[in-house]
4 protein chains.
Amino acid sequence: MDQLKKRLKIKNILVRQCLSECLGTFILIIFGLSASAQVRTTQGMKGQYLSINMAFSVGVMVAMYISRNISGAHLNPALSLCSCVMGQMPWAKLLPYCLSQVLGAYIASAVVFFMYYDAIMDYSSGILTVYGANETASIFATYPSEFLTLGSSFLDQAVGTGMIMMCYLPLVDIQNDPVPHNLVPPLVAVGLLGISMAMSSNCGGAINPARDLGPRLLTLCAGWGTEVFTAYNYWFWVPIVAPMVGAVLATWIYVIIIQWHLPEMHLPQLEQEEPRSDLLPGTGSHRSVETAFENGLELSQKL
Amino acid sequence: MDQLKKRLKIKNILVRQCLSECLGTFILIIFGLSASAQVRTTQGMKGQYLSINMAFSVGVMVAMYISRNISGAHLNPALSLCSCVMGQMPWAKLLPYCLSQVLGAYIASAVVFFMYYDAIMDYSSGILTVYGANETASIFATYPSEFLTLGSSFLDQAVGTGMIMMCYLPLVDIQNDPVPHNLVPPLVAVGLLGISMAMSSNCGGAINPARDLGPRLLTLCAGWGTEVFTAYNYWFWVPIVAPMVGAVLATWIYVIIIQWHLPEMHLPQLEQEEPRSDLLPGTGSHRSVETAFENGLELSQKL
Amino acid sequence: MDQLKKRLKIKNILVRQCLSECLGTFILIIFGLSASAQVRTTQGMKGQYLSINMAFSVGVMVAMYISRNISGAHLNPALSLCSCVMGQMPWAKLLPYCLSQVLGAYIASAVVFFMYYDAIMDYSSGILTVYGANETASIFATYPSEFLTLGSSFLDQAVGTGMIMMCYLPLVDIQNDPVPHNLVPPLVAVGLLGISMAMSSNCGGAINPARDLGPRLLTLCAGWGTEVFTAYNYWFWVPIVAPMVGAVLATWIYVIIIQWHLPEMHLPQLEQEEPRSDLLPGTGSHRSVETAFENGLELSQKL
Amino acid sequence: MDQLKKRLKIKNILVRQCLSECLGTFILIIFGLSASAQVRTTQGMKGQYLSINMAFSVGVMVAMYISRNISGAHLNPALSLCSCVMGQMPWAKLLPYCLSQVLGAYIASAVVFFMYYDAIMDYSSGILTVYGANETASIFATYPSEFLTLGSSFLDQAVGTGMIMMCYLPLVDIQNDPVPHNLVPPLVAVGLLGISMAMSSNCGGAINPARDLGPRLLTLCAGWGTEVFTAYNYWFWVPIVAPMVGAVLATWIYVIIIQWHLPEMHLPQLEQEEPRSDLLPGTGSHRSVETAFENGLELSQKL
């Protein structure tokens, strides 16, 4: 056992973190897409739209508990980007994080595809399509409503991802009397549930580039064809780009309207810290901007 | 960055608090109305009545976490009024608070209008009406049922808002062994969910003047016409006035039946405090009445 | 203000406790019955069976937060009975507690009747009946299914109430590593939600004599006639008696199978206490049996 | 009373633990199957698929609170197996644990059968069958969909049980900054809710050999005949074997990807402990593997 551990234990911190993000995103997606497949293939007999929303939300909670102490439980390239923008994560880590998240989502989609293979084949009579009444592509990736203009779908994705940040930031900002670290996951999950129930009818509520791109790649490989990317005039880029924009904007709004004006009363014991530590937040007025993301990330850089 | 912060940081406390209330109410309303738009425009295919109730509830939680440490997270003019009646907030702040809340609700309604513009146009065939099968006004503001008398709707709104106070007060009253401050938002959200599920069929369950007036003003501006105010014999004043009355009455019932009889055992360490501090609750028997509202408000006056 | 407090403050402890139970039960019932009225009178358009279950559950949470530090938040004669059986409450208090609970439920039913008067009249075409497709009596009290035998309904009510005790006892038993006192209400509420979803189709899932008798008396007075008591062969006694029996049996099962075998490790600091204090649990092996109910009761006897 | 306690108190630790597991599983199953019976026999009028998922979830929470401090609240043979594989429980206890769980599930099924006897007879016109539109066997045990291949159902059960472990392990792993012990039950319950909503349409989502075998035995005895075991080509072994496989695999994935790389920072005060104590986790690098299961088990071995 100890032998095995010595051989298999990963020395490289970034590889550890990427594995953790990959496993976390795998769990998030397997919950969400399974529920999606269950509701669709039973035509609502064994679930409803609400249960898909709830399953994604539970998936986020479980995934955050799994990965938060290794990689910070980003699970979403938009969150990783904010983390870089705010100076919490080196830019060099952004791409590995994002790729790990997409990979986790891809593997999860594959597992869901095999688990629900019989059901999907039964439901779709064996014809995997992107359009039509029996289409099954939207079990995996998101697609816009017929009537939706590009602007509306971009706004929808940007606002939705912004709302995630509005939910996440006060929960981890140490100047804002945050909840205990180990209770953050269920509260973020509740916030996500709200967003899923409120902003998913226009274009599926991906609000996470990895959640959308990973499953889309799976459907490309598994038999739905290139239409999964070309559909709706190459719409697939919207749930990749818009969440990035929305997340960064929301972070700035939070920082300017809320964080700068919070009393600095929760930090007395940190004042004596060294003026730059990887394990602890920085000094001066930026402190809480930076520490908003310290839920795991900073910690793991020290490993 | 520090430069930017120095320039943009707001010196005036009241302005900070108003911005915080505005952002908080914005978030509350954007969750609730988006869900309302999603359920209506998909005709229940992507959500149900329950998901609207739940989305408002999640919105309250997220909004309270955002604004509680700057402005006390009132998010509701009725709560601000109680705060003044109980001597927790100077009367001079009441109007700015209420206006900020209405403004936040108005802006949120506008964002929801743009996000769901395509969907609303598709659903209503482009005709924005207050009455009829395809009416879309009630996505935003609340309207009474056809059969409802004025007395019933007033009672409905007063009791509903009273129940919010019954939920909120024991959670923040320091004499009543309250929950930790940073766990109040999800519990208030659960209470609100109960009220939404139980007291919203008569007349929409606004129980918050800002939640109703802000979106109503938006519909006035966005093309629904003056009927949004004249409908049902100028009914719009009920969800503005009744919540105020109900909230104050419920607060008094709580104080008289519960608070006066609580043991004063949780406060030993506060007895030594100076006999009037803005940061800490007052002295004597009124203490907990006053401190019931101290969740942020008192604190921020000190900033 | 101080003047007013001096005049209105209640000196008698039992009266305080009864008022608190009355207010608590009032809140519990107003949540539950409002939801019931909302779902019935809108024929499921603005709610569903699940929302009635959830509203009762939220009502329990809010009511427990209101009354737990004055009267122990029994809210249910079956719980008060267990409390007496276990020696936690003097038998002399049982009747006043139960009457207060029934009174609170009665007043709440009356408020719901007025709030939903227009809706009930519209739904039932003005004819208040106990039987038939448009019956409205079951909005308030519970009635058995047509096919149900007396034995099944008695078993149903006894098991349901027993499950409440199975949920409640480990949460407050200080030997069982209980949750913090101020987090008990939401967890009991979740337990009750489970029972409502699982054991309410046979005969309405009252599992609380006050919840059933109070509203039944209101329907007697408000125009449904004596049939509310005579219906189904005077069935009304079942939700009064069976919960009492089930609660006591379940308490004993918990004590024998679980409590007697718990390690006494959580109590070291209490060992030094005086051998009989009203404020703290008793001594010896009975300690946690007695303290299972100390969530407020013991405390308030000291007032 | 003391006399009674002396006579009835169980001296043998294993018997205590088995009784505790039996009572815990009894509660879990009585919640879940009652909801299942309620939804089926009312044809969805008093509940929906989601309420069955939720009731099982609530049942897990209540059952965990009941039994966690005596027997560790396994409630699932797959969890007991993992516990043995990881060296947390002696292999000799595995069979008694599993039998107790099956027994608890069997007794609960019998109680549900009597509670819903009238309803089941009314719904099925008195004919208890495993196949057909009015079949009632699936109220109790799980059966696969018509179209399902053996491989898919095995994968489904293995992945589902694996997800339970992914939810459970970080919540109790002391190296992973776990939540307070007494808040684990509701969080595991939420995880289970997600799995029930996402992975139960293929073959009922048993993910627990005791949950499936106990009720299946009851249906065998209560009149459904041997078909409950022979149906779908003796499919009953899948929800017994697959969860075992899935749980062990998931535990290893968690250990290798997450646990080995966690900082050992949460344990400073434990380093001074004796190098092998039954009450406290072991030493060296295995510590948290072993302690992942210490939620009650280790503790009770000391009794």
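Residues numbered from 1 in each chain as written. Chains lettered and ligands numbered in written order. Predicted model: local features only at pLDDT ≥ 70, side-chain atom pairs only at ≥ 80, totals over all residues.

(A) Expanded view of the relation of the copies chain A and chain D. The transform that puts chain A on chain D rotates by 90° and translates by 0.0 Å along the axis, for an RMSD of 0.0 Å. On this basis, the relationship between the two copies can be described by a four-fold rotation axis. Among all C-alpha atoms of chain A, that of L50 of chain A lies closest to the rotation axis, at 6.4 Å. (Least-squares fit on C-alpha atoms with pLDDT ≥ 70 in both.)

(B) Representation of the interface of chain A and chain D within the structure. At the interface, 44 residues of chain A touch 38 residues of chain D. Contributions of two or more residues to the side of chain A that touches chain D are made by helix 1 (2–8), helix 2 (13–41), helix 3 (49–71), helix 5 (94–115) and helix 6 (117–124) of chain A. By residue number, the principal contributor to the side of chain A that touches chain D is helix 3 of chain A, which donates eleven residues. A per-class count over the side of chain A that touches chain D returns 25 nonpolar, twelve polar and seven charged. (Contact = placed C-beta atoms within 7 Å. Helix = DSSP H or I, 4+ residues; strand = E, 2+ residues; numbered from the N terminus. Nonpolar A, V, L, I, M, F, W, Y, C, P; charged D, E, K, R; others polar.)

(C) Highlighting the packing of helix 8 (residues 184–198) of chain A against helix 2 (residues 13–41) of chain B. Relative orientation of the contacting elements helix 8 of chain A and helix 2 of chain B amounts to 35°, with a least axis distance of 7 Å. Residues G194, M197 and A198 of chain A of helix 8 of chain A lie in contact with helix 2 of chain B, whose contacting residues are F31, S34, A35 and Q38 of chain B. Grouping the constituent residues of the contact of helix 8 of chain A with helix 2 of chain B by class yields four nonpolar, three polar and no charged. (Axes fitted to C-alpha atoms, helices over the stretch in contact; angles between N-to-C directions.)

(D) Geometry of the interface of chain A and chain B. Across the boundary between the two partners, chain A contributes 38 residues, which contact 44 residues of chain B. Broken down by secondary-structure element, the contributors of at least two residues to the side of chain A that touches chain B are helix 3, helix 7 (150–172), helix 8 and helix 11 (238–258) of chain A. Residue composition of the side of chain A that touches chain B, grouped by class: 24 nonpolar, twelve polar and two charged.

(E) Focus on helix 6 (residues 117–124) of chain D. By the burial criterion, the buried members of helix 6 of chain D are D118, A119 and I120 of chain D. Summarising the contacts, the buried residues of helix 6 of chain D are in contact with helix 7 (150–172) of chain C together with helix 2 (13–41) of chain D. (Buried ≥ 20, exposed ≤ 12 C-beta atoms within 10 Å, placed from the backbone.)

(F) The arrangement of the environment of A198 of chain C in detail. With respect to the helices and strands, A198 of chain C occurs in helix 8 (residues 184–198). On the neighbour-count criterion, A198 of chain C (33 C-beta atoms within 10 Å) is buried. Taking the C-alpha atoms as reference points, A198 of chain C and A242 of chain C, separated by 44 residues in sequence, lie 17 Å from one another. If sequence neighbours within four positions are ignored, A198 of chain C has contacts with F31, S34, A35, Q38 and A55 of chain D.

(G) Just the packing of helix 9 (residues 209–224) of chain D against helix 10 (residues 227–234) of chain D, in detail. All names here are of chain D. With their axes 9 Å apart at the nearest point, helix 9 and helix 10 run at an angle of 115° to one another. With respect to each other, helix 9 and helix 10 are oriented roughly perpendicular. For the pair helix 9 and helix 10, the contacting residues are R216, T219, L220 and W224 in the first and E227, V228 and F229 in the second. Broken down by class, the residue content of the contact of helix 9 with helix 10 amounts to four nonpolar, one polar and two charged. (Parallel < 35°, antiparallel > 145°, perpendicular 65-115°, else oblique.)

(H) A look at unusual backbone geometry. All names here are of chain C. Positive phi, close to 65°, is recorded for L75, a residue that is not glycine. Among the secondary structure elements, L75 is positioned in the loop between helix 3 (49–71) and helix 4 (77–85). Classification of L75 as buried rests on a count of 33 C-beta atoms within 10 Å.

(I) Just the confidence of the model for chain A, in detail. Residue and element names in this part refer to chain A. The share of residues in chain A with pLDDT of 70 or more is 87%, and the mean pLDDT across the chain is 87. Mean pLDDT values for the elements of chain A range from 35 in helix 13 (residues 297–301) up to 98 in helix 5. Scored below 50 in pLDDT, residues 266–303 makes 71 contacts in the model with residues more than four places away or belonging to other chains. The ipTM assigned to the predicted complex is 0.88, against a pTM of 0.90. (pLDDT = per-residue confidence, 0-100.)

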